[in-house]
Amino acid sequence: MPVPFRLRQLDHVVLRVRDVTVMRRFYCEVLGCTPELDQASIGLFQLRAGASLIDLVDVDGKLGRNGGAPPGIEGRNVDHVCLSIEGYDEAAIVAHLEAHGVRVGETGSRYGAEGEGPSIYLFDPEGNMLELKGPPIPGSRVGAAG
């Protein structure tokens, strides 16, 4: 039986967080997200990330309490979130992140939704791993017509 819908793109990612203020500052000031919608009564703070959203859920809020223990050394809520970016200049990006005190991980070429291309791993203030993904190498997408 065929699937009765077609997937288009990542809509949003939800991160359960301990400190909404610190996390909002990081995602807005360091990564360039913009505030979208605050629903403080349930502990939900949505940030615009290009065409998608990153939702921050306060672990002590109404929604957050449903998820159990907060993220920490012993476990994370998400392995990583990959953000596709334009203007990939690895040295400039790493310098920007380091100037903000961000812990930068490995850099390298990795496969993503648009194909193989450059990427940088980094960590937000609560230890969630993020990936900034640059443009694909032309012709590197596995399913690409060629």
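A brief structural summary. Going along each chain's sequence as written, the residues are numbered from 1 onward. pLDDT decides what is reported in this predicted model: residues at 70 or higher carry local features, side-chain atom pairs at 80 or more are listed and counted, and totals for whole chains, interfaces and linings draw on all residues regardless. Only hydrogens and water are set aside; all other atoms, that is, all heavy atoms of the structure, feed into the side-chain values.

**Description of the overall build of the chain**
Reasoning step 1: Strands are runs of DSSP state E lasting at least two residues, helices are runs of H or I lasting at least four, and both sets are numbered from the N terminus onward. Looking only at helices and strands, the chain features two helices and eight strands.
Reasoning step 2: When the helices and strands of the chain are placed in sequence order, the string is β-α-β-β-β-β-α-β-β-β.
Reasoning step 3: Projecting the C-alpha coordinates of the chain onto the three principal axes gives extents of approximately 50 × 50 × 30 Å.
Reasoning step 4: By definition in these notes, contact holds between two residues if any of their heavy atoms fall within 4.5 Å. Considering only contacts in the chain between residues 6 or more positions apart, those separated by 24 or more positions represent 49%.
Reasoning step 5: Surface accessibility follows the Shrake-Rupley procedure with a 1.4 Å probe radius. Residue values consider only the protein chains on display as shielding. By element, 54% of the accessible surface of the chain is carried by carbon and sulfur atoms, the whole surface being about 8900 Å².
Reasoning step 6: Positive residues here are Lys and Arg, negative ones are Asp and Glu, while His and the chain termini are left out of the count. We put the charge of a Lys on NZ, of an Arg on CZ, of an Asp on CG and of a Glu on CD. Each charge class in the chain can be summarised by its mean position, and for the 14 positive and 20 negative side chains these summaries are 6 Å apart.

**Structural notes on the layout of surface pockets**
Reasoning step 1: The calculated volume of the largest pocket comes to roughly 820 Å³.
Reasoning step 2: Of all the secondary-structure elements, those providing two or more residues to the lining of the largest pocket are strand 3 (44-49), strand 4 (52-58), strand 5 (80-84), helix 2 (90-99) and strand 8 (129-133).
Reasoning step 3: Polarity classes work like this: nonpolar for Ala, Val, Leu, Ile, Met, Phe, Trp, Tyr, Cys and Pro, charged for Asp, Glu, Lys and Arg, and polar for all others, with Gly in that last group. Residues belonging to the lining of the largest pocket are distributed by class as follows: 20 nonpolar, 10 polar and four charged. With a 1 Å grid laid over protein atoms only, a set of points is called a cavity when a 1.4 Å probe fits there but cannot get out and a pocket when it is open yet has protein on both sides within 12 Å along at least five of seven lines; lining residues have an atom within 4 Å of a point. Grid points are joined across faces, edges and corners, and a volume is the space filled by probe spheres set on the points.

**Structural notes on the pattern of salt bridges**
Reasoning step 1: Note on definitions: salt bridges are taken to be side-chain nitrogens of Lys or Arg within 4 Å of carboxyl oxygens of Asp or Glu. Within this structure, the stated rule accounts for three salt bridges.
Reasoning step 2: Note that Arg24 and Asp38 form a salt bridge whose closest N and O atoms lie 2.8 Å from each other. One end of the pair, Arg24, is in helix 1 (residues 20-30); the other, Asp38, is in strand 2 (residues 34-39), with 14 residues separating them in the sequence.
Reasoning step 3: Throughout this description, buried means an accessible area under 20% of the type-specific maximum (1.4 Å probe, protein chains only), exposed means over 50%, and partly exposed covers the range between. A residue is classified by how much of its surface remains accessible, and Asp38, at 43% relative accessible area, is partly exposed.
Reasoning step 4: The residue Arg48 makes a salt bridge to Glu36 at a minimum N-O spacing of 3.0 Å. Of this pair, Arg48 sits in strand 3 while Glu36 sits in strand 2; the two residues are 12 residues apart in sequence, bridging distant segments of the chain.
Reasoning step 5: Owing to a relative accessible area of 40%, Glu36 belongs among the partly exposed residues under this scheme.

**Examining the sheet that holds strand 5**
Reasoning step 1: Pairs of strands are assigned from DSSP output, requiring at least two bridges between the strands. Read from one edge of the open sheet, four strands run 5-8-7-6, paired in mixed fashion. Because the sheet does not close on itself, it has two edges, and the strands there are strand 5 and strand 6 (103-112). Geometrically, the sheet is characterised by an average inter-axis angle of 25° between neighbouring strands, direction not taken into account.
Reasoning step 2: Here strand 6 runs beside strand 7 (residues 115-123); their pairing, made up of eight bridges, is antiparallel. Residue pairing for strand 7: Arg110 is matched across the bridge by Gly117.
Reasoning step 3: Taken strand by strand, helix 2 contacts strand 6, strand 7 and strand 8, and its axis lies near 15° from that of strand 7. The axes used here are C-alpha line fits, helices contributing only the stretch in contact, and every angle between their N-to-C directions lies in the interval 0 to 180 degrees.

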